[in-house]
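A closer look at the structure
Spelled out, the chains give:
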Amino acid sequence: MAVEQKTRTGSFSSPSASSGSPEDSVRLAQLTSSGEFDEKLKSPEELDIGDGNADEERAGLLPHESQDQPAPAPAPPNSHVSSLLWMAINTLATVGIVFTNKAIFSDPSLKLAQLTFASFHFFVTYLTLFIISQPKFGFFVPRRASIRDILPLSIAMSLNVILPNLSLAFSTVTFYQVARILLTPTVAAMNFVLYKATLPRDAIISLVPACAGVGMVSYFDSLPAADASIKTTSGLGVIFALLGIFASSLYTVWIASYHRKLKMSSMQLLFNQAPVSAFMLLYIIPFVDVFPVWTAVPLNRWAMIGMSGFFASLINISQFYIIAQTGPVSSTVVGHVKTCTIVALGWMASGRPIGDKSVLGVFVAVGGIIAYSAVMLREKARDAARAVQERR
């Protein structure tokens, strides 16, 4: 399959899978070659930047002006085997980074060193992009933007990473991942308020159970458990989750304008954002983070931190191949697989019984977002067929 002119943001330290994905999360903006704006919104997942926390991809979210688009990156060799391999790598890396980060944040001495952790991930992201942009690999051609131009977006990206990570630190993995489903309706609401962009009626209907399911999980998962071994979500976890959803949605909507303004692909933008975010946080870290006694941090925690950076690199690299070799259906399916896998493993790790009331909310929320993705894919197919007929 030839590479389409679409771009997604790479993953960084936010580990969520895009919930309709795409993770991944990621799951930011796509500039159409015609420069026209499709009034039917797509989810952050099916746009698949998809989360790393998302690795959740945002496309067609803003009005576009007719303009020359960045040249697409060279396509890697296309084959079903390589596509499946890279989708498997992306899925495993996304699941791995969520649970690795959760294990890191479960250490009280590291839980409040969030800015330091984010800065480390931004550095790893920049290093990864620098390597794969070299002529030997040729994933993309780097372009430079002034710090003045990129600083606002770098601040938004930092919040997009730090707040979800704080949510993960103070909540269960299941709640954290299910809450990320709210990214889709929040982006849709922002686009309606800012640009009067609308969704198909069936898509709006499918988002109702998705939101209701998240509400059910939020309520039951935050109730105190009689069994001390059962993990629950704290009030701070819920607050950070909601703030993180808002920050991620704003970043999703905002980044589309930067694609137009700077005429850069998502990888080129991230290549500029990551170092600015990393160095910017260095000036804030001494006043915000609570540092552990570094010499007292166990060796296994250092190993986990290294693994987290490694997973982030794998997500960035595999994302390139997924963009080049798969279509929207495959990307959406991968996003749902990641969401369901993380939710299921998080449920098992929480110690909750199968009959726990929050399990109903999980099924309602995930079912709603899957239905939403199906509606949007169907609408996209109809629009494509209509465009073909009009050209005839």
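Residues numbered from 1 in each chain as written. Predicted model: local features only at pLDDT ≥ 70, side-chain atom pairs only at ≥ 80, totals over all residues. Heavy atoms only, no water.

Thoughts on the overall build of the protein
When helices and strands are counted, the protein shows 12 helices and 0 strands. Counting from the amino terminus, the protein carries its helices and strands in the arrangement α-α-α-α-α-α-α-α-α-α-α-α. Residues counted as buried form 57% of the 392 residues belonging to the protein. As displayed, the protein has an accessible area near 16,300 Å², and 70% of this comes from carbon and sulfur atoms. (Helix = DSSP H or I, 4+ residues; strand = E, 2+ residues; numbered from the N terminus. Buried < 20%, exposed > 50% of the residue type's maximum accessible area, 1.4 Å probe, protein only. Areas by Shrake-Rupley, 256 points an atom, 1.4 Å probe, with all protein chains shown as cover.)

Focus: the nonpolar core
Counting residues in each nonpolar core, the largest one holds 52 residues, and the members touching the most others are Phe122, Phe140, Leu153, Leu262, Leu269 and Leu281. For this core, the secondary-structure elements that each account for two or more residues are α1 (80-105), α3 (114-132), α4 (147-169), α5 (173-179), α8 (235-262), α9 (266-288) and α10 (299-325). Broken down by element, this core gets its largest block of residues, 10 residues, from α4. In this view, Phe140 contacts Leu129, Ile132, Ser133, Met267, Gln268 and Phe271; residues no more than four positions away in its chain are not counted. One finds Phe175, Ile181, Val366 and Met376 within the second-largest nonpolar core, a separate group that totals 23 residues. (Core = buried A, V, L, I, M, F, W, Y, C linked by side-chain atoms within 4.5 Å. Contact = heavy atoms within 4.5 Å.)

A word on the packing of aromatic side chains
Within this structure, the stated rule accounts for 11 aromatic pairs. Measuring from centroid to centroid gives 5.9 Å for Phe140 and Phe271, while their planes differ by 70°, and the two rings are edge-to-face. Of this pair, Phe140 sits in the loop between α3 and α4 while Phe271 sits in helix α9, placing them 131 residues apart in sequence. The exposure class of Phe140 is buried, given its relative accessible area of 6%. Its relative accessible area of 2% is what places Phe271 among the buried residues. (Phe/Tyr/Trp six-rings, centres within 6.5 Å; stacked < 30°, edge-to-face > 60°.)

Quick word on unusual backbone geometry
Peptide bonds are trans in most cases, and residues, glycine excluded, mostly fall at negative phi. At Lys196, a residue that is not glycine, the phi angle is positive and equals roughly 55°. Of note, Lys196 is situated in the loop between α6 (183-195) and α7 (201-221). Positive phi, normally seen in glycine, also occurs at Lys263, with a value near 55°. With respect to the helices and strands, Lys263 occurs in the loop between α8 and α9. Judged by relative accessible area, Lys263 falls into the partly exposed class, the value being 39%.

What to know about α6
End to end, α6 covers 17 Å across 13 residues, agreeing with the expected 18 Å (1.5 Å per residue, within 8%). Restricting attention to buried positions, one finds in α6 the residues Leu183, Thr184, Pro185, Val187, Ala188, Met190 and Asn191. Elements in contact with the buried residues of α6: α5, α7, α8 and α12 (358-391). Once α6 finishes, Lys196 follows within two positions and takes phi at roughly 55°, a positive value. (Expected span 1.5 Å × (residues − 1).)

Describing the pattern of salt bridges
Counted under the stated rule, the structure contains 4 salt bridges. For the salt bridge of Asp202 with Arg378, the shortest nitrogen-to-oxygen distance reads 3.1 Å. Of this pair, Asp202 sits in helix α7 while Arg378 sits in helix α12, placing them 176 residues apart in sequence. In this structure, the salt-bridge partner of Asp383 is Arg386, at a minimum N-O distance of 2.8 Å. Of this pair, Asp383 and Arg386 both sit in helix α12, 3 residues apart, which is roughly one turn of that helix. (Salt bridge = Lys/Arg side-chain N within 4 Å of Asp/Glu carboxyl O.)

A look at the environment of Leu127
Turning to its location among the elements, Leu127 is positioned in helix α3. Judged by its relative accessible area of 40%, Leu127 falls in the partly exposed class. Residues Leu127 and Ser313, spaced 186 residues apart in sequence, show a C-alpha to C-alpha distance of 8.8 Å.

Here's the deal with the packing of α4 against α8
The relative placement of two packed helices is expressed as an angle between their axes plus a distance between the axes. It is at 8 Å that the axes of α4 and α8 come closest, and there the two elements cross at 155°. With respect to their mutual orientation, α4 and α8 come out roughly antiparallel. Taken as a pair, α4 and α8 cross one another with a handedness that is left-handed. In terms of residue class, the contact of α4 with α8 is made up of 18 nonpolar, 5 polar and 2 charged. (Axes fitted to C-alpha atoms, helices over the stretch in contact; angles between N-to-C directions. Parallel < 35°, antiparallel > 145°, perpendicular 65-115°, else oblique. Left-handed = near helix turned anticlockwise from the far one by under 90°. Nonpolar A, V, L, I, M, F, W, Y, C, P; charged D, E, K, R; others polar.)

A word on the side chain of Ser119
If you trace the backbone, Ser119 turns up in helix α3. The exposure class assigned to Ser119 is buried, which follows from its relative accessible area of 8%. Leaving out residues up to four positions away in the same chain, Ser119 has contacts with Ala278, Leu281, Leu282 and Ile285.

Digging into the UniProt feature "transmembrane region" (unreviewed entry) in the protein
UniProt tags residues 84-106, 112-133, 202-220, 232-255, 276-296, 302-322, 329-347 and 359-377 as "transmembrane region" (unreviewed entry). Structurally, residues 202-220 comprises 100% helix and 0% strand, and the distance from its first C-alpha atom to its last is 28 Å. Secondary structure within residues 276-296 divides into 62% helix and 0% strand; the distance between the first and last C-alpha atoms comes to 30 Å. (UniProt positions renumbered as here; feature names shortened; annotations may be inferred.)

Some thoughts on a nonpolar patch on the surface
On the surface, a cluster of nonpolar side chains totalling about 720 Å² of accessible area is made up of Phe279, Leu282, Tyr283, Ile284, Phe287 and Val288. With respect to the element layout, Val288 can be found in helix α9. Val288 gets classed as partly exposed once you look at its relative accessible area, which sits at 46%. (Patch = residues over 30% accessible without salt bridge, like charges linked within 9 Å, V, L, I, M, F, W, Y side chains within 5 Å.)

Describing the packing of α7 against α12
Running from amino to carboxyl end, α7 crosses α12 at an angle of 160°, the nearest separation of the two axes being 7 Å. Between α7 and α12, the crossing angle belongs to the class labelled roughly antiparallel. When the axes of α7 and α12 are compared, the crossing they make is left-handed. Of the residues assigned to the contact of α7 with α12, the class counts are 17 nonpolar, 5 polar and 3 charged.

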